[in-house]
Amino acid sequence: MMVEPLYEISVNCTYCENSYKTMKVRPSFKKASKTDTDFCVHYKDINPDFYVVRVCPFCGYAHTENFSDKWKPTQREVFYERVAQNLSMRNYCGERTWEDTLLSYKLALLTAQIRDEKSRVIAGLLHHLAWLYRFKGDWEQEERFLTFALDAYVSVYETEGLDLNNARLMYLIGELNRRLSRFNEAVKWFSRIINDRKIMDAGMIRASREQWIATREDMLAIRMELPDEMKQAT
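Residues numbered from 1 in each chain as written. Predicted model: local features only at pLDDT ≥ 70, side-chain atom pairs only at ≥ 80, totals over all residues. Heavy atoms only, no water.

K.L.:
How should the packing of aromatic side chains be read in this particular structure?
P.N.:
Working definition: an aromatic ring pair is given by the centre-to-centre distance plus the angle between the planes. Following the criterion strictly, the structure yields 12 aromatic pairs and no others. Look at Phe 39 and Tyr 171: their rings are 5.5 Å apart centre to centre, the planes differ by 45°, and that puts the pair in the tilted class. Of this pair, Phe 39 sits in the loop between strand 3 (32-35) and strand 4 (41-43) while Tyr 171 sits in helix 5 (residues 166-179), placing them 132 residues apart in sequence. Classification of Tyr 171 by relative accessible area gives buried; the value is 3%. A ring pair is formed by Tyr 61 and Trp 71, whose centres lie 5.1 Å apart and whose planes are at 65°; its orientation type is edge-to-face. Taken as a pair, Tyr 61 in the loop between strand 5 (54-55) and strand 6 (62-63) and Trp 71 in the loop between strand 6 and helix 1 (73-82) lie far apart in primary sequence, 10 residues in all. Of the residues examined, Tyr 61 reaches a relative accessible area of 1% and is grouped as buried. Overall, Trp 71 belongs to the buried group, its relative accessible area being 13%. Aromatic rings pair up to connect Tyr 15, Tyr 61, Phe 67, Trp 71 and Phe 79 into one cluster. We note Arg 115 situated over the ring of Trp 71; from NZ or CZ to the ring centre the distance is 4.3 Å. Over the ring of Trp 98 we find Lys 136; its NZ or CZ atom is 5.1 Å from the centre of that ring. (Phe/Tyr/Trp six-rings, centres within 6.5 Å; stacked < 30°, edge-to-face > 60°. Helix = DSSP H or I, 4+ residues; strand = E, 2+ residues; numbered from the N terminus. Buried < 20%, exposed > 50% of the residue type's maximum accessible area, 1.4 Å probe, protein only. Lys NZ or Arg CZ within 6 Å of the ring centre and 35° of its normal.)

What follows is the structure, encoded as structure tokens:
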């Protein structure tokens, strides 16, 4: 008997309190082909990230496991006005296309903003949206969402930094700056990880050293492409 990559799970919606079934990818089918320097995983066959967001077919509440379970009355009202009463009949509970996944993440982002979820939850959604556009080769939209994600990660660092894995968060801020060609900022963040004696995460220190070198090479490559008069100005 052939095992299917997707299986059903039951979810109880915290907004409308209906129960529904949605899909997840079996662990045995999660086969990575490569991982980018900002932790974007490329999968050989099916991408489990396509099924991270759960979308209630009754009210449109889109969330991940990282969302809070509690609703404030004002949040319920705003969600009803902006999402529930405008719900289309599109169903996200079966197998998803790239377009389905994009819409589910955008719906989750809107919901997270309505619910005032933590910055790290919103940052993760924005970063995943950038990855979705990367899979399509759409750099313009990837760049747009990387910029949003970077701003959100900086907000996380400023508000929650002491409670999280600081080195990983700082590395991500450095790496997104590098990908957005903000090289001086990238060098600053990588250097902080390398030089902070309190940081004991050997993997992040090593990755920061590698990306510090990559950033300097990026800067040099761009400098070599500049006309002579502009090189002198820089």
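This is not the end of the story, as more comes after the structure.
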